[in-house]
Amino acid sequence: MNLLALESSTDTLFIATARGDQRWLHSGAGGQHTSSQLLPAVRRLMAEAELGFDALDAIVFGRGPGSFTGLRTACAIAQGLAFVAKNGQGVPVLPVDTLMAVAEEARLQHGCTQVLACLDARMDEVYNAVYQYADGHWQTLGDLQVCPPQDVQVPAGFVVAGNAQAIYGERLAATASHLHAMPTANALLNLAPYLLAQGLAVAAQDALPLYIRDKVAKTTAEREAEKQALAASTPHSAP
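Residues numbered from 1 in each chain as written. Predicted model: local features only at pLDDT ≥ 70, side-chain atom pairs only at ≥ 80, totals over all residues. Heavy atoms only, no water.

Participant: What is the right way to look at the side chain of Thr34 in this model?
Facilitator: Within the secondary structure, Thr34 is located in helix H1 (residues 34-48). A distance of 3.0 Å separates a polar side-chain atom of Thr34 from the backbone oxygen of Gly31. Every residue in contact with Thr34, bar those within four places of it in the chain, is listed here: Ser8 and Thr73. (Helix = DSSP H or I, 4+ residues; strand = E, 2+ residues; numbered from the N terminus. Polar contact = N/O pair within 3.5 Å; in protein donor to acceptor, adjacent residues only side chain to side chain. Contact = heavy atoms within 4.5 Å.)

Structure (structure tokens):
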């Protein structure tokens, strides 16, 4: 298969493309640089692979959880490229959980098959989910969560993989084994064949980021409504 994979949920931008059995990989600064760097880097990597957008079978992106800006950027670029591929006929988009990509990277780098994937969520919290690898694919054991690092519960025999331990130290599962693993685009390429076979690809317009945390920033209207509600509920002092 010919695939393009985009992962920008963290401060590192990962891009990968596959042309049959061959792969081309890119990593660079993400975060605030993602919106300006992603599309030019995609074009360079596709040119290096001598792969045209019309030859793609699908576009894969890390849907989250992660940086809100990074997720929205990767989703928008994936949608736009998917719409125009195949001479405007379009190709499907495959959204993949970022934490599953962490588990897959841990398997690729360290041979792990029982992983609690854990990424820094800022605001003194971590994103986490438990995965087990069996029969050639990852199974999600329970829901994806966001919580303070000290609240993470690691099943017996599972390793913690991600980038959170370096930030939170012993507050995060002090007695567990820890490995550094990032959600790379190469991991997304590894995950794609099984997920595509399961029918999990969607039309470009239906691709959406995954946000576990409800909201970080409120709109101006929401803030004004809260102020008015607070004012209405606050007793006025007597004249």
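Participant: Is there a simple way to explain the state of the cysteines in this structure?
Facilitator: What is meant by a disulfide is a covalent connection between two cysteines, made through their sulfur atoms. Counted by the stated rule, this structure contains 0 disulfides. In this structure Cys147 is not part of a disulfide, and its nearest cysteine sulfur, from Cys118, lies 7.4 Å away. (Disulfide = S-S within 2.5 Å.)

Participant: Would you take a moment to explain helix H2 (residues 68-84) for this structure?
Facilitator: Note on helix geometry: an α-helix contains 3.6 residues per turn, so any two residues three or four positions apart are oriented the same way. A rise of 1.5 Å per residue sets the reference length of H2, with its 17 residues, at 24 Å; its end C-alpha atoms lie 25 Å apart and thus fit the reference within 8%. Among all positions in H2, only Phe68, Gly70, Leu71, Thr73, Ala74, Cys75, Ile77, Ala78, Gln79, Leu81 and Ala82 are buried. Close packing links the buried residues of H2 with strand S1 (2-7), H1, strand S4 (58-64), strand S5 (93-97) and strand S7 (126-134). (Expected span 1.5 Å × (residues − 1). Buried < 20%, exposed > 50% of the residue type's maximum accessible area, 1.4 Å probe, protein only.)

Participant: Can you help me understand the packing of aromatic side chains in this one?
Facilitator: Two numbers describe a pair of aromatic rings. These are the distance of the centres and the angle of the planes. Applying the stated rule across the entire model yields 3 aromatic pairs. Seen from their ring centres, Tyr131 and Trp138 are 6.4 Å apart, and the 85° between their planes marks the pair as edge-to-face. A relative accessible area of 0% means that Tyr131 is categorised as buried. Judged by its relative accessible area of 6%, Trp138 falls in the buried class. Taking the centre distance of 5.1 Å and the plane angle of 65° together, the rings of Tyr133 and Trp138 count as edge-to-face. Through pairs of rings, three or more aromatic residues link up here, namely Tyr131, Tyr133 and Trp138. Taking NZ or CZ as reference, Arg107 lies 4.4 Å from the ring centre of Tyr133, over its face. (Phe/Tyr/Trp six-rings, centres within 6.5 Å; stacked < 30°, edge-to-face > 60°. Lys NZ or Arg CZ within 6 Å of the ring centre and 35° of its normal.)

Participant: Any chance you could explain the pattern of salt bridges here in plain terms?
Facilitator: Between side chains of opposite charge, pairing is possible as soon as their charged atoms come close. Evaluated as defined, the whole model comprises 5 salt bridges. Where Asp124 meets Arg171, a salt bridge forms, and the shortest distance between an N and an O atom there is 2.8 Å. One end of the pair, Asp124, is in the loop between strand S6 (114-120) and S7; the other, Arg171, is in the loop between helix H4 (165-168) and strand S11 (178-180), with 47 residues separating them in the sequence. By relative accessible area, Asp124 is classed as partly exposed at 40%. Look at Arg171 and you get partly exposed, because its relative accessible area is 34%. Linked by salt bridges that have partners in common, Asp11, Asp120 and Arg122 make up one network. (Salt bridge = Lys/Arg side-chain N within 4 Å of Asp/Glu carboxyl O.)

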